[in-house]
Amino acid sequence: MKKFKTESQKLLDLMINSIYTNREIFLRELVSNASDAVDKLYFASLTDSDIQLNRADLRILVSFDADARTVTVSDNGIGMTQDQLDKNLGTIAHSDSMAFKADNAERQGDDVDIIGQFGVGFYSAFMVAKKVRVVSRAFGSDEAWAWESNGVDGYTIEPAARDEHGTDVVLTLKDNTDDESFDEFLTEYGLKNLIKRYSNYVRYPIQMEVTKTREVLKPEVIGEEGDTEDTPASPEYETYAELDTINSMIPIWKRQKSEVTPEEYAEFYKADFHDFADPAATFSIHAEGALSYDALLFIPSRAPYDLYSKDFKKGLALYSSNVLIMEKCEELLPDHYNFVRGVVDSQDLTLNISRETLQHNSQLRAIAKRIEKKVTSELKKMLENDRDTYETFFQNFGRGLEFGIYHSYGALKSELSDLLLFWSAKQKKRVTFAEYVAAKEEGQTAIYYAIGETVERLEKMPVVKAVLSRGYDVLLCTQDVDEFCFQTMMNYGEGDDALALKNVAGGDLDLATEDEKAAAEAVTKENADLFAAMKEALGDAVSDVAVSSRLTDEPAALTAAGPVSLEMERILSQMPDSPGITSERVLELNATHPVFAALRTAQEAGDDEKVRLYADILYNQALLMAGMPLEDPVAYANEVAGLMK
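The structure presented is a predicted model; accordingly, all values stated were derived computationally and were not measured. (Residues numbered from 1 in each chain as written. Predicted model: local features only at pLDDT ≥ 70, side-chain atom pairs only at ≥ 80, totals over all residues. Heavy atoms only, no water.)

**Quick look at empty space enclosed by the protein**
No. 1: Inspection of the entire model under this criterion finds four cavities of 30 Å³ or more.
No. 2: Taken as a whole, the largest cavity encloses approximately 80 Å³ of empty space.
No. 3: Taken together, Ile-451, Met-461, Asn-503, Ala-505, Leu-566, Glu-567, Ala-626 and Met-628 make up the full set of residues lining the largest cavity.
No. 4: Across the lining of the largest cavity, the residue classes tally to six nonpolar, one polar and one charged. (1 Å grid on protein atoms, 1.4 Å probe; cavity = no way out; pocket = protein on both sides within 12 Å on 5 of 7 lines; lining within 4 Å. Points joined across faces, edges and corners; volume = space filled by probe spheres on them. Nonpolar A, V, L, I, M, F, W, Y, C, P; charged D, E, K, R; others polar.)

**Points about the packing of aromatic side chains**
No. 1: Under the criterion given, the structure shown has 28 aromatic pairs.
No. 2: Ring geometry for Tyr-269 against Phe-273: centres 5.9 Å apart, planes inclined by 35 degrees, an arrangement best described as tilted. Taken together, the residues Tyr-269 and Phe-273, both in helix α6 (residues 262-273) and four residues apart, mark about one turn of the helix. Like Phe-273, Tyr-269 is buried.
No. 3: When the centroid spacing of 6.1 Å and the interplanar angle of 55 degrees are considered together, the rings of Phe-273 and Phe-298 count as tilted. Here Phe-298 lies in strand β12 (residues 293-299) and Phe-273 lies in helix α6, a separation of 25 residues in the sequence. Of the two residues examined, Phe-273 and Phe-298, each falls in the buried class.
No. 4: Among the aromatic residues, those joined into a cluster by ring pairs are Tyr-201, Trp-253, Phe-268, Tyr-269, Phe-273, Phe-298 and Tyr-319.
No. 5: When the ring centre of Tyr-240 is taken as reference, the NZ or CZ atom of Arg-214 above it lies at 4.0 Å. (Phe/Tyr/Trp six-rings, centres within 6.5 Å; stacked < 30°, edge-to-face > 60°. Helix = DSSP H or I, 4+ residues; strand = E, 2+ residues; numbered from the N terminus. Buried < 20%, exposed > 50% of the residue type's maximum accessible area, 1.4 Å probe, protein only. Lys NZ or Arg CZ within 6 Å of the ring centre and 35° of its normal.)

**Observations regarding the sheet that holds strand β10 (residues 237-245)**
No. 1: Taken in spatial order, the eight strands of this open sheet run β5-β4-β3-β6-β2-β1-β7-β10, and their pairing is mixed. Unpaired on one side and paired on the other, β5 (155-160) and β10 mark the two borders of the sheet. Direction aside, the axes of adjacent strands within the sheet are offset by 25 degrees on average.
No. 2: Against the sheet, helix α2 (residues 26-47) makes contact with β1 (60-65), β2 (70-75), β6 (166-173) and β7 (206-215), and its axis sits at roughly 20 degrees relative to β2, the strand it touches most.
No. 3: Together, β1, β2 and β7 form the strand contacts of helix α5 (residues 188-198), whose direction differs from that of β7 by roughly 130 degrees. (Pairing = 2+ DSSP bridges. Axes fitted to C-alpha atoms, helices over the stretch in contact; angles between N-to-C directions. Contact = heavy atoms within 4.5 Å.)

Have a look at this one:
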C-alpha cells in the first residue's frame, strides 16, 4: 500500500471533513471530473486526426446498488494510465485538469469547457464513502488499472479489467448511524435530484437507468364465430427499466435569445424557481471581456408569501462552467431588488477550494453592479411601456424600493425615486413623482403627502381635504415605510427645481394667505386663556393648542410639530422592541366652526369642567381621524354618552 504523497494525513482529513460544508456535493464533484475526462478526449479528437470520435457517443453514467451500498459514476472519456492514477489521485491537491487548461488555454475554444481547478473535488467522495475504487483505462491502451483507498491509510494500484477507455468511480457508502443516514444516495429519486440540482447543465449526457411504467397491451381474443371480444375496461400496467438522460445539458441562458420562445423562458422559470405563475419580465445579460458571464433574470408576477419575513433569503443561482456553485448567492442582489430571480454563469470566477464560495469578491461586486443597473433599466422600461404590469409589480414589490432609499440614507434616491408610485387624491390614480410635478399648480413649492392605513381613510382626513381645497394634489401613502422614505429623501428633483416633501399632517405648511395668517393670529390673542386652559386639561398629550389656518369643515385636527410624524409614531409603537418615541402633537382648532363658539361660551362662563370635557372629546376625535389609537376608549365613550343625556 502506498501512502499519500503529501505525507500529511491531516491534509486528507481536511479535504474530507473541513473544506466542504454540504456532503451531497460529492456527486457534483465526481460528475464534473467525468465531464473533464470526456472533454479531454473530445479535445484530443479535434487536434489529432487519427482519433476518430463521434461526440454523440460521449456520456456519463450514474448507477447504484442498494444491496451492496455502492454508487458508481462512469465515463467513456480519456481515462488514466497507472502512472496518471498514481499522480492524480495519490497526490492530494494536484489538478490534472488545471494543468490541461493551462497547457491548452489558447486552443480550447467554446467546444471544450474544463471544470476542475484544485484537484481536491475527488476526495469529497470520502464524506459519504468508506471505500473508493477507481477503475480506469486510458484511451489507446489495452490495460486497465484500479486505484483503491479507504481515505485513511493510503491507496493501492492493481491491474484491472475494463472493456473500453474511460473511468469508473465506485463508492462504497458508509454505514448508517444514529446521527447520519446515507440511504438517500442509494435511491433513484435521490441521485436524480442531485444531478438536476448541481449538474443539470453539464454539456454531456448524464444517464441513469430509471424505472418507468407502461400499459400492458393485451392481444385481441377472437371468439368461435370470428368476433373480437372486448378487452377489460381497466388497463393494466407494468414497470420496466430504461436508460434515461437526466440532465438538460444546454443551459437556456447560453442560447441566443432569438432561439428561445417566451414560453420556454416561462417554463424554465417556473420549474427552477418553483412558481406556478409566469414571470412579469424576463431579460438577460451577456458580458464579454476581462470578466465574461451570462445572466438570465426574472421579475416575478407575484410576491412570495415570505418576502418580508426574516426567513426569506434573496440571491441568484451562481454557476461556474455550467455547474451549480451556490443556489442563492446573496451578494449578487441588493436588498431592494431581493425579489429578482435568475442565474449567473461565469467560467472566470475565482472560486475557493470547495467551489462553494468565491475568493475574490471584487468579481462578484462587478457583476452585481451590472445586474443592479440592468434591473433598474428594465423596470423603467416596464413603467414607460407597460403601465398596468408595472402597477401590479409595484403593488407586490414597491415597498422594497422605498426601503432601499431609506436604508441607503438617501444614496439611492436618484436611482429609485422615479420608480415609485403613489395614489393621487386629485387625479384618482397612481402617479410617479415626475407625473405629480408635471400636474402641479403654478407656484407650488412642495409635494404634499399623507400617511395612513388606507386610501379611503386618508381621503377623509381634515388635513388632506384642507390641502385639496387650495388646489394642491396630495399623495395618499399606505406603506409603513413611506414616511421613513420621504424623510430620508427630503425633496424630489435637482437644484432649483427640487420640491420639498411635506406631510400634510406636519407643522405649518405655509399655505395660508397673509389675511388668513393675520386672522388666525388675532383669534389666538383674543382666546389666549381658552387655549391655555385646554392645554392644561390635555397635559402632556399635546405640545400645543392653536388656531388652524388650514381646516375648513372639521372642528379640530391633530398635527405633529417635530420631525416625528403621527404615522411614524404609530408604526414605531407597533414594533416588538418599541423605542417609545412620540411625536409633538398639536391640537389645531377651526375658529370658524360652531364647536369653537361653544368652547368660548364655556370659557367665558367659567365652566372649567366643560372646557376640560370639550378639550378631551375634540382631542380624541382628532386622534380617531388621524388613525391613531385612543389612550382610554372607555373614558371617551362615557364622555360622549354624558353629552347625550
